[in-house]
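Letter by letter, the chains look like this.
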Amino acid sequence: MGMFCFAGKSVNEGIALGPVLVLKKDRAEVRRRTIKDAEAEVLKFKRAVKEGMEELRFLYDKARKEIGQDGASIFEGHGMIMEDVEFQGRICDIIRREMVNAAYAVAMTGDVYAEVFARMEDGYMRTRGEDVKDIAGRLIRILEGSGENVSSINEPVILVADNISPEETVRMEKENILAFVTVQGSTNSHTAILARMMNIPALIGVPMKLEEINTGMKAVVDGFEGRVIFDPTEELCVQAQKRMDQERKSFLLLDRMKGKESVTGDGRRIRLCANIRNVNDIKEALRNDAEGIGLFRSEFLYLGRDDFPMEEEQFAAYWEAARSMAGKEVIVRTMDIGADKQASCFCLEKEENPALGMRGIRICLKRPDIFKTQLRALLRASQSGNLAVMYPMITSVEEVLQIKKMVRDVSQELDREGIAHGNPKQGIMIETPAAVMISDELAELVDFFSIGTNDLTQYTLALDRQNEKLEDFYVPHHKAILKMIHMVVANAHRHGKWVGICGELAADLELTEEFIRMGVDELSVVPSMILKIRKKVRELDICSCEI
Ligand code: PEP
Ligand code: MG
């Protein structure tokens, strides 16, 4: 077959050229066989479960070390389903009733469960269908022996798959992945997140038929144009190679941006900081010469576990973050639990509209005991370096006054106990339209603002940020959002306070100039974007005409 090409949605830019590795996980490969001894087959199934549980425990530990508790929790969830009495009971029933092989019984049960989940209204439950497919796939692989999987990656490849499970992203030899190309996935899928962290091109929603693509076949992935070309002509390969060389050169040029100031030709300065989820991510922040941490999403300490992180554990994490950044400011955002970040230890009730529900600061104010533990840890850690605290999801002056009172109480409590602590600067996130509209009043009460454009866009445009079906309606440059940012900056500056942006929009190079014109003081972004933005900033020369 000659060259063929597909368009998809790019979730990370870049060009890749190399051999393809197709991950096929086709359930149809499981053949139905009649067996004679049902009890022996049930025993075989039980042994596979035991082996599967061991694998999941191994993956959980590996993921916890590599990507933190949040990324690891998925394997805990898989373990719970795999050990579920009803799930196992159905499989054993099929083996005994139909006298069929265990792998076939697993595949049938997996399909039934996946179908049930897929029909559920709740978006979160719908995605659980994928988990059941993964679990069934794991058991089938153990029972039947496997074909191509991520462990077969031992040379640089372009990974082509229907979908890539979180388990596979943890398992794979990441140095050998040149690009991801998947049929399914969404902007916030595990593959997309991983691609951004690894800085390799990735396409999702590619309408290809995996049976037509062979492992070993060459491909060019264009993450700028959102295209993948299989079996490309020699000429296209040469072109791709040239563009990759250019990319590499500009990447090396970016290295020159390290140690330089983020200042425009006409002397306007902007601070470029990193967003992190845990202490591990600080390595990336430092490698990319971050001028501080503009957003430490502390809720990741609470995710994927059944108990609350104790004061000492939190203290150690915040202390370490401040110490590693050696005097550069580290802004810890207090836990923003709820909505897309469900933490089992909070036992939150199911809500009709979780994004408009019990989340962020609302939980903290309703559960002061838990919030105070975090505040104690933060106040204590703030002695170690330049630590600041920031509160999410603010909608009113009263909330800020209430929080400030709690901080004063905690500070006095620590004094009474003779425990050393600092008095960190306190800021708020501006991520609700309400906060924007009263930013004038809020600015008097706090030391700084950080604009969370992810939620601000969701609440302003009435657009669920988790819903992949709405991607077409998502207009990140919407005038409403830009006007809001402008208004917040003006109000903050009127009161002598600084203002940053820490949502995804901060990394949008098309807006860098506009943000500087508006007077935004800080942009906090995924570490791999810092040097690109610095380069852009240094190329700008903003004349006196203000908007
Ligand atoms: C935001 O809402 O823009 C933000 C930075 O916070 P998060 O994405 O964690 O909700
Ligand atoms: Mg937010």
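Please refer to the structure placed before this passage.
Since we're looking at a predicted model, the values are computed, not measured.

A. Layout of the pairing of strand β7 (residues 218-222). Taking burial as the measure, the five residues of β7 include four buried ones, the bulk of the element. The pairing of strand β3 (residues 15-23) with β7 spans five bridges and is classified as antiparallel. By the bridge assignment for β7, L17 is matched with V220. Where β7 meets strand β8 (residues 227-230), four bridges bridge the pair, whose relative direction is antiparallel. For A219, the partnering residue across the bridge sits in β8 and is F230. Between β7 and β8, which pair antiparallel in sequence order, lie four residues; one of them, G226, sits at a positive phi of approximately 70°.

B. View of the site of ligand 1. Neighbouring residues of ligand 1: 14 residues in total, closest R297, R333, G452, N454 and R465. With respect to ligand 1, the side chain of R297 contributes an N or O atom lying 2.7 Å from an oxygen atom. Contact distances for ligand 1 include 3.4 Å between an oxygen atom and a backbone N or O atom of G452. For ligand 1, the protein covers 99% of the area, taking 290 Å² as the surface of the free molecule. A molecule is said to occupy a pocket when more than half its atoms come within 2 Å of that pocket's grid points, and by this definition ligand 1 occupies the largest cavity. Every element with two or more residues in the shell around ligand 1 is listed here: β10 (293-297) and α16 (453-460). Sorting elements by how many residues they give to the shell around ligand 1 places α16 first, with three residues.

C. Broad picture of the coordination of the magnesium ion (ligand 2). Summarising the metal site, the magnesium ion (ligand 2) is bound by the protein donors E431 (OE) and D455 (OD), whose distances to it range over 2.0 to 2.2 Å. Within this pair, whereas E431 is found in the loop between β13 (425-430) and α14 (433-437), its partner D455 is found in helix α16, the two being separated by 24 residues in sequence. The exposure classification of E431 matches that of D455, with both residues buried.

The rules behind the values
- Residues numbered from 1 in each chain as written.
- Chains lettered and ligands numbered in written order.
- Predicted model: local features only at pLDDT ≥ 70, side-chain atom pairs only at ≥ 80, totals over all residues.
- Heavy atoms only, no water.
- Buried < 20%, exposed > 50% of the residue type's maximum accessible area, 1.4 Å probe, protein only.
- Helix = DSSP H or I, 4+ residues; strand = E, 2+ residues; numbered from the N terminus.
- Pairing = 2+ DSSP bridges.
- Near = heavy atom within 4 Å.
- Polar contact = N/O pair within 3.5 Å; in protein donor to acceptor, adjacent residues only side chain to side chain.
- Areas by Shrake-Rupley, 256 points an atom, 1.4 Å probe, with all protein chains shown as cover.
- 1 Å grid on protein atoms, 1.4 Å probe; cavity = no way out; pocket = protein on both sides within 12 Å on 5 of 7 lines; lining within 4 Å.
- Sits in = over half its atoms within 2 Å of the grid points.
- Donors = N, O, S within 2.8 Å, 3.2 Å for Na, K, Ca; no water.

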